[in-house]
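Working through the structure, step by step
Below, each chain spelled out in residue letters.
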Amino acid sequence: MVVRLRLLSLPALLVSLVSLLWSPTAWAEQPSAPSSRCNVATLNGTYLYSSVGMLDGKLYAEAGREIYDGKGGVELTYRGTGGATGTMRTTYSVSPDCIGTAVYPYGQSLVSFISPDGSRFAYTITRGPGDRPTVLSGWEIRVVP
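Predicted, not measured: the structure shown is a model, and the values here were computed from it.

Secondary structure assignment for the chain yields one helix and eight strands. Walking the chain from its N terminus toward its C terminus, one meets helices and strands in the order α-β-β-β-β-β-β-β-β. Looking at the chain as a whole, 32% of its 145 residues qualify as buried. In the chain, the proportion of contacts linking residues at least 24 apart, taken out of those at least 6 apart, comes to 39%.

Printed below as a string of structure tokens:
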């Protein structure tokens with residue numbers, strides 16, 4: 001009796017799986033993401049950040065403020081370990097899939113992963129001045145739109 005019940009449930013299971021796989025709703029095309037969710041205007045306003053990692057082969061930490069103009073320009077003011085301070089300007093770009101890039105005057109290359117509303121982003125810096133390793137990462141959060 002138990003063997004017969006198992007044999008009956010196997011075809012039922014197979015029929016269920018086949019109907020699920022061939023069901024029009026199971027394979028219905030999902031709506032695609034908008035083709036241009038992000039652009040340079042996504043980053044607009046004042047952001048605060050902190051970075052930690054290595055700069056030119058030495059342990060380094062930094063905090064600062066960046067002001068994005070929403071047109072591809074950014075101004076950075078920072079304070080770092082060892083008394084490093086400064087202000088600099090650069091340009092940035094943002095792809096439709098919300099990935100940002102910037103190259104700062106001292107050679108740092110930044111790649112960021114931006115929330116579609118532009119309120120925050122994570123970033124990494126993988127190139128810096130000198131020939132020793134530079135790897136910094138952190139978060140930026142918009143504090144003034």
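This part is about the pattern of salt bridges. In total, this model carries one salt bridge according to the counting rule given. Between glutamate 75 and arginine 89 there is a salt bridge, and its shortest N-O distance comes to 2.7 Å. Taken together, the positions of glutamate 75 in strand β3 (residues 73-80) and arginine 89 in strand β4 (residues 85-94) put the pair 14 residues apart, joining distant regions of the chain. Looking at arginine 89, the relative accessible area reads 61%, which means it is exposed.

What follows deals with the confidence of the model for the chain. For the chain, the average pLDDT comes to 81, and 74% of its residues sit at 70 or higher. When the criterion is pLDDT under 50, residues 1-35 qualifies, and its contacts beyond four places in sequence or with other chains add up to four contacts.

Looking at chain direction, strand β6 (residues 109-114) and strand β7 (residues 120-127) are connected through six bridges and run antiparallel. Its bridge partner being in β7, valine 111 is matched across the sheet by threonine 124.

The next thing to look at is the packing of aromatic side chains. Scanning the model with the defined rule gives six aromatic pairs in all. For the ring pair tyrosine 47 and tyrosine 68, a centre distance of 5.3 Å and an interplane angle of 80° mean the geometry is edge-to-face. A residue pair is termed long-range when its members are at least 10 positions apart, and tyrosine 47 in strand β1 (residues 44-55) and tyrosine 68 in strand β2 (residues 58-69) qualify at 21 residues. Judged by relative accessible area, tyrosine 68 falls into the buried class, the value being 4%. On the basis of an interplanar angle of 90° and a centroid distance of 6.1 Å, the ring pair of tyrosine 68 and phenylalanine 121 is categorised as edge-to-face. With tyrosine 68 in strand β2 and phenylalanine 121 in strand β7, this residue pair connects regions lying 53 residues apart in the sequence. Per residue, the accessibility class of tyrosine 68 equals that of phenylalanine 121, and both read buried. Each residue in the set Tyr47, Tyr49, Tyr68, Tyr92, Phe121 and Tyr123 is aromatic and connected to the rest through ring pairs, giving one cluster.

Conventions adopted
- Residues numbered from 1 in each chain as written.
- Predicted model: local features only at pLDDT ≥ 70, side-chain atom pairs only at ≥ 80, totals over all residues.
- Heavy atoms only, no water.
- Helix = DSSP H or I, 4+ residues; strand = E, 2+ residues; numbered from the N terminus.
- Buried < 20%, exposed > 50% of the residue type's maximum accessible area, 1.4 Å probe, protein only.
- Contact = heavy atoms within 4.5 Å.
- Salt bridge = Lys/Arg side-chain N within 4 Å of Asp/Glu carboxyl O.
- pLDDT = per-residue confidence, 0-100.
- Pairing = 2+ DSSP bridges.
- Phe/Tyr/Trp six-rings, centres within 6.5 Å; stacked < 30°, edge-to-face > 60°.

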